[in-house]
Amino acid sequence: MGEPPRHLLTIEGLAPPAIAHLLDLAESYVLLNRSGRTERDMLRGRTLINLFFEDSTRTRTSFELAGKRLGADVINMSVAASSVNKGETLLDTAATLNAMQCDLLVVRHAQSGAPSLLAQKVDAAVINAGDGTHEHPTQALLDALTIRRHKGDFAGLVVAICGDVAHSRVARSNIHLLVTVGATVRVVGPPTLIPAAIAGLGVTVFHDMKAGLAGADVVMMLRLQKERMARGLVPSAREYFRFWGLDAEKFAHAKPDALVMHPGPMNRGVEIDSALADDPAHSVIREQVEMGVAVRMAVLDTLARSRALSRNV
Ligand code: CP
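Right, let's walk through the structure included here. Here the structure is a predicted model, which is why all the values come from computation and not from measurement.

1. Observations regarding the overall build of the chain
No. 1: Within the chain, the regular secondary structure consists of eleven helices and nine strands.
No. 2: Taken over C-alpha atoms, the radius of gyration comes to 19 Å for the chain, in line with the 20 Å a tight globule of 313 residues would show.
No. 3: If you line up the chain on its principal axes, its C-alpha atoms span 55 × 45 × 35 Å.
No. 4: Taken across its 313 residues, the chain has 54% of its residues classed as buried.
No. 5: Within the chain, residue pairs in contact and separated by at least 24 positions form 75% of the contacts whose partners lie at least 6 positions apart.
No. 6: Looking at the chain as shown, the accessible area adds up to about 13,200 Å², and 52% of this sits on carbon and sulfur atoms.
No. 7: Counting 34 positive and 33 negative side-chain charges, the chain places the averaged centre of each group 2 Å from the other.

2. Some thoughts on the pairing of strand β8 (residues 218–221)
No. 1: Of the two faces of β8, the one holding Val-218 and Met-220 and the one holding Val-219 and Met-221 are both buried throughout.
No. 2: Bridge count between strand β5 (residues 158–162) and β8: four bridges; the pairing is parallel. The residue of β8 that forms the bridge with Ala-160 is Val-219.

3. What to know about the site of the ligand
No. 1: If you check the shell around the ligand, you find Ser-56, Thr-57, Arg-58, Thr-59, Arg-108, His-136, Gln-139, Pro-263 and Gly-264 and nothing else.
No. 2: Take Pro-263: an N or O atom from its main chain is 2.9 Å from a nitrogen atom of the ligand.
No. 3: Expressed as a share of its isolated accessible area of 260 Å², the protein-covered part of the ligand is 91%.
No. 4: Its residues assigned to classes, the shell around the ligand shows one nonpolar, six polar and two charged.

4. Quick notes on the pattern of salt bridges
No. 1: Under the counting rule described, the total for this entry stands at 17 salt bridges.
No. 2: Between Asp-123 and Arg-307 there is a salt bridge, and its shortest N-O distance comes to 3.4 Å. Of the two residues, Asp-123 sits in the loop between α4 (114–121) and β4 (125–131) while Arg-307 sits in helix α11 (residues 285–311), which places them 184 residues apart along the sequence.
No. 3: Residue classification places Arg-307 among the buried residues on the basis of a relative accessible area of 8%.
No. 4: A salt bridge links Lys-255 to Asp-217; the nearest nitrogen and oxygen atoms lie 2.9 Å apart. One end of the pair, Lys-255, is in the loop between α9 (248–251) and β9 (259–261); the other, Asp-217, is in the loop between α7 (209–213) and β8, and 38 residues separate them in sequence.
No. 5: Overall, Lys-255 belongs to the partly exposed group, its relative accessible area being 35%.

5. Details of the side chain of Asn-174
No. 1: Residue position: Asn-174 is located in helix α6 (residues 169–180).
No. 2: Note on Asn-174: relative accessible area 1%, which makes it buried.
No. 3: Within the local environment of Asn-174, its side chain forms a polar contact with the side chain of Asp-143, the two groups lying 2.8 Å apart.
No. 4: Ignoring sequence-local partners within four residues, the contact set of Asn-174 consists of Ala-140, Asp-143, Ile-161 and Met-220.

6. A closer look at the packing of helix α5 (residues 137–151) against α11
No. 1: As a packed pair, α5 and α11 sit with axes 8 Å apart at the nearest point and diverge in direction by 115°. When the axes of α5 and α11 are compared, the crossing they make is right-handed. Note on element contacts: α11 touches α5 through Glu-287, Gln-288, Met-291, Gly-292, Val-295, Arg-296 and Val-299, opposite Thr-138, Gln-139, Leu-141, Leu-142, Asp-143, Leu-145, Thr-146, Arg-149 and His-150.
No. 2: Classifying every residue of the contact of α5 with α11 gives six nonpolar, six polar and four charged.

7. Concerning the packing of aromatic side chains
No. 1: Applying the stated criterion to the full structure yields zero aromatic pairs.
No. 2: Across the ring face of Phe-241, the terminal group of Lys-250 is positioned such that the distance to the ring centre comes to 5.6 Å.

8. As for the sheet that holds strand β7 (residues 204–206)
No. 1: The parallel open sheet is built from five strands, whose spatial order is β7-β6-β5-β8-β9. Each of the sheet's edge strands pairs with one partner strand only, and the pair in question is β7 and β9. Averaged over neighbouring strand pairs, the angle between their axes works out to 20° when direction is ignored.
No. 2: Here β5 runs beside strand β6 (residues 184–188); their pairing, made up of five bridges, is parallel. Along β6, the bridge assignment pairs Ile-161 with Val-187.

9. Thoughts on the nonpolar core
No. 1: Within the largest apolar cluster, 63 residues are counted, with the highest numbers of intra-cluster contacts made by Ile-127, Leu-141, Ile-161 and Leu-300.
No. 2: With ten residues, α11 is the single largest residue contributor to this core.
No. 3: Apart from the residues lying within four places of it in its own chain, the contact partners of Ile-161 are Ala-171, Asn-174, Ile-175, Val-185, Arg-186, Val-187, Val-188, Met-220 and Leu-222.
No. 4: One finds Met-209, Met-229, Leu-233 and Ala-254 within the second-largest nonpolar core, a separate group that totals 26 residues.

10. Here we look at α5
The α-helix winds at 3.6 residues per turn, so residues separated by three or four positions along the chain end up facing the same way.
No. 1: The terminal C-alpha atoms of α5 lie 21 Å apart, and with 15 residues this matches the ideal 21 Å at 1.5 Å per residue to within 8%.
No. 2: Here α5 lies mainly inside the structure; twelve of its 15 residues are buried.
No. 3: Taken together, the buried positions of α5 are Pro-137, Thr-138, Gln-139, Ala-140, Leu-141, Leu-142, Asp-143, Ala-144, Leu-145, Thr-146, Ile-147 and Lys-151.

Rules behind the numbers
Residues numbered from 1 in each chain as written. Predicted model: local features only at pLDDT ≥ 70, side-chain atom pairs only at ≥ 80, totals over all residues. Heavy atoms only, no water. Helix = DSSP H or I, 4+ residues; strand = E, 2+ residues; numbered from the N terminus. Rg over C-alpha atoms; globule rule 2.2 N^0.38 Å. Buried < 20%, exposed > 50% of the residue type's maximum accessible area, 1.4 Å probe, protein only. Contact = heavy atoms within 4.5 Å. Areas by Shrake-Rupley, 256 points an atom, 1.4 Å probe, with all protein chains shown as cover. Lys, Arg positive; Asp, Glu negative; His and termini not counted. Charge placed at Lys NZ, Arg CZ, Asp CG, Glu CD. Pairing = 2+ DSSP bridges. Near = heavy atom within 4 Å. Polar contact = N/O pair within 3.5 Å; in protein donor to acceptor, adjacent residues only side chain to side chain. Nonpolar A, V, L, I, M, F, W, Y, C, P; charged D, E, K, R; others polar. Salt bridge = Lys/Arg side-chain N within 4 Å of Asp/Glu carboxyl O. Axes fitted to C-alpha atoms, helices over the stretch in contact; angles between N-to-C directions. Left-handed = near helix turned anticlockwise from the far one by under 90°. Phe/Tyr/Trp six-rings, centres within 6.5 Å; stacked < 30°, edge-to-face > 60°. Lys NZ or Arg CZ within 6 Å of the ring centre and 35° of its normal. Core = buried A, V, L, I, M, F, W, Y, C linked by side-chain atoms within 4.5 Å. Expected span 1.5 Å × (residues − 1).

Given below as structure tokens:
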């Protein structure tokens, strides 16, 4: 697998063997989680700090659970109640946490590139838990694990990533991962929400849902991120759903055994119809959440081992 990684900042640049290693390790943690056993010696004595400058339900909680299942001391920093509110900078906050001998720093920030900047300044292993519109590496890994469990090999799979691609770090990380492992990736959405440069990442662009979903093995819906839109890029929620929301009629164009995915949180009735989101025959949305714990255990395990090797402990 080459040099063990010190941080997990992006999927871009991860080679297929590194991706396969993380997915295989995560698979072993799925089984461990389901058995009710833990691996408390794995991260015993290590400290994991969750530093989230943006809201989160799934990512923060699953990193906490993953850390605890492996025996780490886990601290969730409440940014709202921290000295960030007194004007402390991101770098000073990170340096303060680093001085407390933090081993693993999980960071979510509205600014693209913030975790990379921190990784240059702190001794801890830094994990990007979502930075602006840039990347969300562990989301792409858990999505890949979910797809692999249902579809096996990625080669030849057609994955349609639909909706607000422009503001989606989930889309960018998924595109990098899926293209790297040999899937055919389509992005589908209105021109206002598909950046012109996206085709340069090896995807095909569609501005029509039925054409974009035709023959797809996986339909991955994205949240409409109104909070990141400086101006109105979409019509009303009702109009958006009519043209771009996933409903039974549009989904009928995908393969009969296609998967429905969504990273959450979902806007039901905006980007996805409730009936499809909850359809056990196709929807793997809950399973994505379960895979999130296993993937984060694999990432923490891998980075902690790499850190131990580099420090000779
Ligand atoms: N998918 C995802 O990142 O969800 P949260 O914002 O709840 O962490």
